[in-house]
Number of protein chains: 2
Amino acid sequence: MAASPTTPSERAAGDLARPSETPDEALRARLLDHTLRVLLRDGYRRFSMNAVATSARASKETLYRHFGDKTGLLHAALVRMAVLIDPLLHVGLDSATTREDRLRQLGRNYLHGCYLPEALALQRIAYADGEHGLGPLFAEEITERAIAVVEAEFEALGCDDPRRDAEVYLGMIQGKLHERIMLGAELDDLDGQIERQVDHALVVMAPYLTTLDERRPG
Amino acid sequence: MAASPTTPSERAAGDLARPSETPDEALRARLLDHTLRVLLRDGYRRFSMNAVATSARASKETLYRHFGDKTGLLHAALVRMAVLIDPLLHVGLDSATTREDRLRQLGRNYLHGCYLPEALALQRIAYADGEHGLGPLFAEEITERAIAVVEAEFEALGCDDPRRDAEVYLGMIQGKLHERIMLGAELDDLDGQIERQVDHALVVMAPYLTTLDERRPG
DNA sequence: CTTGCGCCGTACCGTACGGTACGGTACCGT
DNA sequence: ACGGTACCGTACCGTACGGTACGGCGCAAG
């Protein structure tokens, strides 16, 4: 809301127009966006502070001033990504009435979020990284949040162990598609694949949910 | 079988005693074992040809003579790992009578193979690597083989789409455990976790399999 | 106008890596 | 006994990276 009153001359926002940000926030956002972009373009190995600075047309000094070191930059980029994709999980949930519809929509959203190019790049480094502590951060900021949302859904379904069911459901819809994508397979019609993945997961899970229903009123 | 007759003086096998190998094969095996070990110890980023050479007490020249370059070494190590873990998938399958028992045993074996330390290290680099072509190789040499075995099992169950069911099942038993492990979570009682994971996957899947049975004889 | 701050661009330093070259040595086949 | 081959150890080269330093510029505050 409060656009800093002392700086009316909004700095050229560069690539993404973000209203109501202090110039400092705008710069930070720009740097983090380019961090994700470079990560996506160059991969984990080739990712370098130099490349980020060049891509963002900033100086390395600025990078280090804002984020301390490479670890700090990667952490900030991960957290930013988490904030950006979080709302995606809730898209279209209001218009889903059936429990099954809600699960289907949740599954769709989850997979679409997972397979965003920048999200994939982040998953790659979170998986492979062993020196910047990105793995635990990813687990906390991204995985855990998603599980919590799905868990709430299964809790409303009256499952004995909603947490476990949520994890199984997410595993089902990922199936081996996730692994294939992470391993670099180029597949066409990703949306269709996602749809089929979620559909079949629900086909397999439906009888189980029915048994829950039957046992519940009894 | 045929131990090369011209070289009776078996070279000091170093770390692993492997009978009936030509010295060249023994050296290759030693180098690849140390490759996996260094990969496991140092991670993907810090992994270096120097470290492998030092660990194996070999010279870099030898490494390059045998494997060409870093990519070749990593490829060879991956293929070797694939060969080593392949038989693990079939452990105890003979004594499993029920279809469900077979699925359970298969699931156990699969997860145990996945979570071997060296296998984890390989998965990490296969996921993150974008320059050595390890992803597709991993998919072909490891993932694809495992899926095929499980697929055969579901085919025997009379599923409409055994391939898809196999992938869903593997996804279920991995659940979020796989992701947590890959992200560096330290968890105790891995065996217990695996057991619970497989158990619950079968609980969820059992009603679905029953519907298949019911539809089948009718 | 002066001061200070944040930024840019570039240069710089130390280190580490991939890959090659070379001297020296053990062993094998002839 | 001789030549070839594979090996070790080490040194070397070019490159690239993380991180720092410095000069110069724009801009806002006093």
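Above: the structure in question.
Attention in this report is confined to the structure presented alongside it.

Parameters and conventions
Residues numbered from 1 in each chain as written. Chains lettered and ligands numbered in written order. Predicted model: local features only at pLDDT ≥ 70, side-chain atom pairs only at ≥ 80, totals over all residues. Heavy atoms only, no water. Helix = DSSP H or I, 4+ residues; strand = E, 2+ residues; numbered from the N terminus. Buried < 20%, exposed > 50% of the residue type's maximum accessible area, 1.4 Å probe, protein only. Contact = heavy atoms within 4.5 Å. Areas by Shrake-Rupley, 256 points an atom, 1.4 Å probe, with all protein chains shown as cover. Buried area = accessible area lost by both parts, 1.4 Å probe. Salt bridge = Lys/Arg side-chain N within 4 Å of Asp/Glu carboxyl O. Core = buried A, V, L, I, M, F, W, Y, C linked by side-chain atoms within 4.5 Å. Least-squares fit on C-alpha atoms with pLDDT ≥ 70 in both. Near = heavy atom within 4 Å. Polar contact = N/O pair within 3.5 Å; in protein donor to acceptor, adjacent residues only side chain to side chain. Nonpolar A, V, L, I, M, F, W, Y, C, P; charged D, E, K, R; others polar.

## Observations regarding the overall build of chain A
- Summing up its helical and strand segments, chain A has 10 helices and 0 strands in all.
- For chain A, the sequential pattern of α-helices and β-strands runs α-α-α-α-α-α-α-α-α-α.
- The 218 residues of chain A split such that 49% are buried.
- In chain A, the share of contacts with a sequence separation of at least 24, taken over all contacts with a separation of at least 6, comes to 62%.
- Carbon and sulfur atoms make up 51% of the accessible area of chain A, which amounts to about 10,300 Å² in all.

## Let's talk about the interface of chain B and chain A
- Each side of the interface is counted separately: chain B has 40 residues, and chain A has 40 residues.
- Between chain B and chain A, the buried area comes to about 3,900 Å², and carbon and sulfur atoms account for 58% of it.
- Taken as a group, Arg45(B), Tyr127(B) and Leu183(B) account for 20% of the area that chain B buries against chain A, more than any other trio of residues on that side.
- Here chain B and chain A share 4 salt bridges between them.

## Brief notes about the environment of His112(B)
All names here are of chain B.
- Along the chain, His 112 turns up in helix H5 (residues 99-114).
- Owing to a relative accessible area of 31%, His 112 belongs among the partly exposed residues under this scheme.
- Along the primary structure His 112 and Ile 194 are separated by 82 residues, whereas in three dimensions their C-alpha atoms are 7.7 Å apart.

## Structural notes on the nonpolar core
- Phe154(A), Tyr169(A), Phe154(B) and Tyr169(B) are the most contacted members of the largest nonpolar core, which totals 137 residues.
- Of the residues forming this core, the biggest block, 10 residues, is contributed by helix H7 (residues 134-156) of chain B.
- Beyond its immediate chain neighbours, meaning those up to four positions away, Tyr169(B) contacts Leu103(B), Arg104(B), Gly107(B), Val150(B), Phe154(B), Val198(B), Ala201(B), Leu202(B) and Met205(B).

## Overview of the pattern of salt bridges
All names here are of chain B.
- Summed over the entire model, instances satisfying the criterion amount to 36 salt bridges over all chains.
- Notably, a salt bridge pairs Asp 101 with Arg 104, separated by 3.9 Å at the nearest N-O pair. Of this pair, Asp 101 and Arg 104 both sit in helix H5, 3 residues apart, roughly one helical turn.
- Residue class for Asp 101 comes out partly exposed when judged on its relative accessible area of 32%.

## Quick notes on unusual backbone geometry
All names here are of chain A.
- Phi angles above zero are rare outside glycine, and Asp 189 is one such case at about 55 degrees.
- Its location among the elements puts Asp 189 in the loop between helix H9 (177-182) and helix H10 (190-215).
- Using a relative accessible area of 46% as the deciding quantity, one classes Asp 189 as partly exposed.

## Considerations on the relation of the copies chain B and chain A
- With an axial shift of 0.0 Å and an RMSD of 0.0 Å, the rotation relating chain B to chain A amounts to 180 degrees. One copy is carried onto the other by what is essentially a two-fold rotation axis.
- Comparing interface residues between copies, 100% of those in chain B also sit at the interface in chain A, which points to an isologous, same-surface contact.

## Some remarks on the protein's contact with DNA strand C
- Around DNA strand C lies a shell of 21 residues, among which Glu61(A), Thr62(A), Lys60(B), Glu61(B) and Lys70(B) are the nearest.
- Each atom of DNA strand C within 4 Å of the protein belongs either to a base or to sugar and phosphate, the latter forming 57%.
- Separating a phosphate oxygen of DNA strand C from a side-chain N or O atom of Arg65(A) is a distance of 3.1 Å.
- For DNA strand C, a phosphate oxygen lies 3.2 Å from a polar atom in the side chain of Tyr64(B).
- Put simply, the parts of the chain that give the surface near DNA strand C at least two residues each are helix H1 (23-46) and helix H3 (60-67) of chain A together with helix H3 (60-67) of chain B.
- In terms of residue count, the dominant contributor to the surface near DNA strand C is H3(A) (4 residues).
- Among the residues forming the surface near DNA strand C, the class breakdown is 5 nonpolar, 6 polar and 10 charged.

## Topic: the protein's contact with DNA strand D
- Lining the immediate environment of DNA strand D, one finds 19 residues, of which Lys60(A), Glu61(A), Lys70(A), Leu27(B) and Thr62(B) sit closest.
- Among the atoms of DNA strand D lying within 4 Å of the protein, the sugar-phosphate backbone contributes 57%.
- Between DNA strand D and Glu61(A) there is a distance of 2.6 Å, counted from a base nitrogen to a side-chain nitrogen or oxygen.
- Those elements that provide at least two residues to the surface near DNA strand D are H3 of chain A together with helix H1 (23-46) and H3 of chain B.
- By residue number, the principal contributor to the surface near DNA strand D is H3(B), which donates 4 residues.
- Across the surface near DNA strand D, the residue classes tally to 5 nonpolar, 5 polar and 9 charged.

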